[in-house]
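The residues making up each chain are set out below.
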Amino acid sequence: MNDPRSRIIVALDVAGREAALAAVERLSGHVGYFKIGLELFTREGPRLVEEIRDRREKIFLDLKLHDIPNTVAGAVRSVCKLGIDMVTVHASGGAAMLSAACREAQASDSPPLVLAVTALTSLSEEDMHRFGVNGTMEQWVERFARTAYNAGIRGLVASAREISMLRSKFDPDLQLIIPGIRPAGTGTQDQFRTATPYDAIKAGANYLVIGRPIMQAPDPVAAADAVTGEIARALQE
Ligand code: C5P
């Protein structure tokens, strides 16, 4: 964790295997983890995960699992066999599902960090009210985070906006993984709760999930190295 590069998780949001492997090749040594999401996984399957792992890269498998405890436990068991480092589940799956996921991960030879997604950033307070949930998005995130933490989860995917609240209410062993990162001077695209790498790390983020600002930069390696510089500055101050 002392190496600022290790805190960068680059999202491999590309169409298929060749583009994914080309990005891995290029960015190897400049970032900590490669994130494989639903689009790439449903297209290329576990084989691509194994190919990237065989290159000794760290993998964040962003499957956002959400099902009954027995089914999620089975999926986590299968995922662990791929030798990945982080996997996501939905906190809204409930306490029993979350503890089943943690138990299953712990039972594997090299347990991945199980991360809970609290509230999708695409959900609004209006959506929550339609579900009959009162209160603010922050209260909703806190409730899900508490359920997840009590069930044994030690990593959360959250927006930059929630870092301070989560840092003030939870033990420091809770790892915060923050998407929606936009280095200073780059566009926000469709993300609206954004933060710069410097601000997110300063606020208490452990890892930053970054897609387009690196993957679509004219020089992705230079873009990743610039993020590393920002992270290093935030850690030093
Ligand atoms: O290109 P960009 O940096 O916006 O990509 C962010 C990545 O993080 C995408 O893969 C997106 O699916 C993911 N993500 C997110 N917001 C969340 C959870 C994951 O943007 N709440």
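Computed from a predicted model, the values in this text were never measured in an experiment.

Enquirer: It is not clear to me how the packing of aromatic side chains should be interpreted in this structure. Could you clarify?
Expert: Centre-to-centre distance and the angle between the planes together describe a pair of aromatic rings. Per the counting criterion, the structure on display carries three aromatic pairs. A ring pair is formed by Tyr-33 and Tyr-207, whose centres lie 5.4 Å apart and whose planes are at 85°; its orientation type is edge-to-face. In this pair, Tyr-33 is assigned in strand S2 (residues 33-36) and Tyr-207 in strand S8 (residues 207-210), connecting sequence segments 174 residues apart. By the burial criterion, Tyr-33 is buried, and Tyr-207 matches it. Ring centres of Trp-140 and Phe-144 lie 4.4 Å apart, and the angle between their planes is 65°; this geometry places the pair in the edge-to-face category.

Enquirer: What exactly am I supposed to notice about the pattern of salt bridges here?
Expert: One side chain can pair with another of opposite charge once the charged atoms of both are near each other. Using the criterion set out here, one finds 14 salt bridges in the structure. Arg-43 serves as the salt-bridge partner of Glu-44, at 3.8 Å between the closest nitrogen and oxygen. The partly exposed category is assigned to Glu-44, whose relative accessible area is 24%. A salt bridge links Asp-173 to Arg-154, with the nearest nitrogen and oxygen atoms 3.3 Å apart. In this pair, Asp-173 is assigned in the loop between helix H8 (163-169) and strand S7 (175-178) and Arg-154 in the loop between helix H7 (137-150) and strand S6 (155-157), connecting sequence segments 19 residues apart. Looking at Asp-173, the relative accessible area reads 37%, which means it is partly exposed. The partly exposed category is assigned to Arg-154, whose relative accessible area is 28%. Taken together, the salt bridges that share partners define one network made up of Lys-35, Asp-62 and Lys-64.

Enquirer: How do you make sense of the sheet that holds S2 when you look at a structure like this?
Expert: Picture the strands of a sheet paired through backbone hydrogen bonds; they go either parallel or antiparallel. An order of S1-S2-S3-S4-S5-S6-S7-S8 is seen for the eight strands of this closed barrel, with the pairing classed as parallel. Each strand of the sheet is rotated relative to its neighbour by a mean of 25°, with strand direction disregarded. Of the strand pairs in this sheet, S2 and strand S3 (residues 58-65) are connected by four bridges, and their pairing is parallel. Bridge pairing links Ile-36 to Leu-61 in S3. Along the sheet face, helix H3 (residues 46-54) touches S2 and S3 and points at about 155° away from the line of S3.

Enquirer: I tried to follow the environment of Pro-69 on my own but got confused; where do I start?
Expert: In this structure, Pro-69 sits in helix H4 (residues 69-80). For Pro-69, a relative accessible area of 31% translates into the label partly exposed. Once residues within four sequence positions are removed from consideration, Pro-69 is found in contact with Ala-96, Met-97 and Ala-100.

Enquirer: Before we go on, may I ask you to explain the side chain of Glu-51 in this structure?
Expert: Mapped onto the elements of the fold, Glu-51 is located in helix H3. Looking at Glu-51, its side chain comes within polar contact range of the side chain of Arg-17, at 2.8 Å. Residues in contact with Glu-51, not counting those within four places in the same chain, are Arg-17 and Leu-21.

Enquirer: Would you mind showing me how to read the environment of Val-76 here?
Expert: Mapped onto the secondary structure, Val-76 falls in helix H4. Put simply, Val-76 and Tyr-198 are 122 residues apart on the chain and 33 Å apart in space, counted from C-alpha to C-alpha. The contact partners of Val-76, leaving out residues within four places of it in the chain, are Leu-65, Ala-101, Glu-104 and Ala-105.

Enquirer: Mind showing me how you'd approach helix H5 (residues 95-106) here?
Expert: Structural remark: α-helix, 3.6 residues per turn; residues separated by three or four positions point the same way. Given a rise of 1.5 Å per residue, 12 residues ought to cover 16 Å, and the 16 Å separating the end C-alpha atoms of H5 matches this to within 8%. Within the sequence span of H5, burial applies to Met-97, Leu-98, Ala-100, Ala-101, Cys-102, Glu-104 and Ala-105. Close packing links the buried residues of H5 with S3, H4, strand S4 (86-90), strand S5 (113-117) and H7.

Enquirer: What is the right way to look at unusual backbone geometry in this model?
Expert: Negative phi characterises most residues that are not glycine, and trans characterises most peptide bonds. The backbone phi angle of Arg-56 is positive, close to 65°, even though this residue is not glycine. Given a relative accessible area of 77%, Arg-56 falls into the exposed group. Residue Lys-64 is not a glycine yet carries a positive backbone phi of 45°. Along the chain, Lys-64 turns up in strand S3.

Procedures and definitions
Residues numbered from 1 in each chain as written. Predicted model: local features only at pLDDT ≥ 70, side-chain atom pairs only at ≥ 80, totals over all residues. Heavy atoms only, no water. Phe/Tyr/Trp six-rings, centres within 6.5 Å; stacked < 30°, edge-to-face > 60°. Helix = DSSP H or I, 4+ residues; strand = E, 2+ residues; numbered from the N terminus. Buried < 20%, exposed > 50% of the residue type's maximum accessible area, 1.4 Å probe, protein only. Salt bridge = Lys/Arg side-chain N within 4 Å of Asp/Glu carboxyl O. Pairing = 2+ DSSP bridges. Axes fitted to C-alpha atoms, helices over the stretch in contact; angles between N-to-C directions. Contact = heavy atoms within 4.5 Å. Polar contact = N/O pair within 3.5 Å; in protein donor to acceptor, adjacent residues only side chain to side chain. Expected span 1.5 Å × (residues − 1).

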